[in-house]
Amino acid sequence: MAQGLLEITGTLDVAQFWPSGKSDADTTKIVLAIGPNAFRFRPTANAAFQSTQAFVGAKVRAPGQGPKDVIVKGKVTIRLQGIDAPELHYRPPSALKPAQRSPQQTKRYKELNEEYRQPLAETGTKALRDHLFPHGPQLPCRMVTAVDEPGDVVDIYGRCVGDILVTIHGQNLNLNHWLVEQGWAFPTFYSSMSKQEITDLLQLSTLVRTRKDGVWKHWKKQNKVDAVNLKLIYRSKAAMPDPQEEKGPVIMPKLFRRASTWKINQMAKMVTGGFGRYLAAHPDDCYMTSQFLLSPHTAAHRQLHEFHKAEGTFSVRPDELVFQEKDATLVGQDGVPVTDW
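Small disclaimer: the values here were computed from a predicted structure and weren't measured.

## Here we look at the overall build of the protein
Counting secondary structure elements, the protein contains 7 helices and 17 strands. Over its C-alpha atoms the protein spans a radius of gyration of 20 Å, differing by no more than 12% from the 20 Å that the globule rule assigns to 341 residues. Each of the three principal axes of the protein carries a C-alpha extent, and together these read 55 × 45 × 40 Å. Here the protein holds 341 residues, and the buried ones make up 50% of them. Within the protein, residue pairs in contact and separated by at least 24 positions form 76% of the contacts whose partners lie at least 6 positions apart. When the accessible area of the protein is evaluated, it comes to approximately 16,200 Å², of which 51% is carbon and sulfur surface. Charge separation in the protein, taken as the distance between the mean sites of 43 positive and 35 negative side-chain charges, equals 7 Å.

Laid out in structure tokens, this is it:
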């Protein structure tokens, strides 16, 4: 597990969140503070923070992805670590490139090419915005993440992965923890996380799951994960949510993204077979959380499709899995991997 800590200081623009913006509850942007100390790193808990320029001009390279700048026009995109909120606007990609599709497939895919959402996506995002806005609209903040190497900070999309902390009434508020504690996001763990980061979220999620608040009110093991409601699409700020109309069901957002992609491409006749077959053909590597916490190096390697049942249900909760972070390489302006702080 990582011993070091990276800190990014910046400003959080609250207006970016739906309904005034399009950001959802688990990915946000920090406007970096201008100066030499926006990025700071310490190798151990007893060491002092030192500024680092490791990310200036750096890009992320990953298999199947084009290069992604870490800093774009003074902004860095943050993926809130350890959580996954219901999707607000997910557009399923085509299984085939345009040149590979028949005219009929293209026509049908375009008809279905919407931004789909899950129940509670609007309500949860608006709750986050409403909680922050009275203290904004611009909030000084920090992103922190336990890492040892610069490349450990980023994912394949060029996002920095960590916890965001804002100061409200003189107290630090961890947005990752708040979203889980309030029931607006599922805990969703990755192998890049430290044991402490996982266990903190596990404790919070156990409490809210027991109360059946938020997403947990609508999550059940008997929910059909392949039954995508295509009537739920992204709405502009003109359409405000009514929490009383949030009937669910709510499934793990990772499963929703895959089920939506499978469903749309199946309807466009670009994939065949059921959802279980689709998951097996597009594997997600993972571990059981209990085993990973005991020993990440000896935990049994699993794949997401193993937990999908023939009747369309899913046999484990989101917090019972740790997903393998996909490989990404941080490179400098010279194209050489960045290994030093």
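## Regarding the sheet that holds strand β5 (residues 59-62)
With antiparallel pairing, the 3 strands of this open sheet are ordered in space as β6-β5-β17. Each edge of the open sheet carries a strand with a single partner, namely β6 (65-69) and β17 (329-331). The average undirected angle you get between the axes of adjacent strands in this sheet is 25°. Relative to β17, β5 runs antiparallel, the two being bridged by 3 bridges. Counted as the bridge partner of Arg 61 is Thr 329 from β17.

## Remarks on the nonpolar core
Core analysis: the biggest nonpolar cluster contains 61 residues, and Val 70, Leu 132, Cys 160, Ile 164, Val 166, Leu 175 and Leu 179 have the highest contact counts within it. A per-element tally of this core places helix α4 (residues 195-211) first, with 5 residues. Apart from residues no more than four positions distant in its own chain, Leu 132 is found in contact with Leu 12, Val 14, Phe 17, Leu 139, Val 166, Ile 168, Leu 173 and Leu 175.

## Description of empty space enclosed by the protein
Scanning all chains against the criterion turns up 1 cavity of 30 Å³ or more. Put simply, the largest cavity is a space of about 60 Å³. Trp 219, Lys 220, Lys 221, Asn 223, Val 225, Val 250, Ile 251, Met 252, Leu 255, Phe 314 and Val 316 together form the lining of the largest cavity. For the lining of the largest cavity, the residue count by class is 8 nonpolar, 1 polar and 2 charged.

## A word on the state of the cysteines
Using the criterion set out here, one finds 0 disulfides in the structure. Residue Cys 160 stays outside any disulfide, its sulfur separated by 12 Å from that of Cys 141, the closest cysteine.

Cut-offs and rules
Residues numbered from 1 in each chain as written. Predicted model: local features only at pLDDT ≥ 70, side-chain atom pairs only at ≥ 80, totals over all residues. Heavy atoms only, no water. Helix = DSSP H or I, 4+ residues; strand = E, 2+ residues; numbered from the N terminus. Rg over C-alpha atoms; globule rule 2.2 N^0.38 Å. Buried < 20%, exposed > 50% of the residue type's maximum accessible area, 1.4 Å probe, protein only. Contact = heavy atoms within 4.5 Å. Areas by Shrake-Rupley, 256 points an atom, 1.4 Å probe, with all protein chains shown as cover. Lys, Arg positive; Asp, Glu negative; His and termini not counted. Charge placed at Lys NZ, Arg CZ, Asp CG, Glu CD. Pairing = 2+ DSSP bridges. Axes fitted to C-alpha atoms, helices over the stretch in contact; angles between N-to-C directions. Core = buried A, V, L, I, M, F, W, Y, C linked by side-chain atoms within 4.5 Å. 1 Å grid on protein atoms, 1.4 Å probe; cavity = no way out; pocket = protein on both sides within 12 Å on 5 of 7 lines; lining within 4 Å. Points joined across faces, edges and corners; volume = space filled by probe spheres on them. Nonpolar A, V, L, I, M, F, W, Y, C, P; charged D, E, K, R; others polar. Disulfide = S-S within 2.5 Å.

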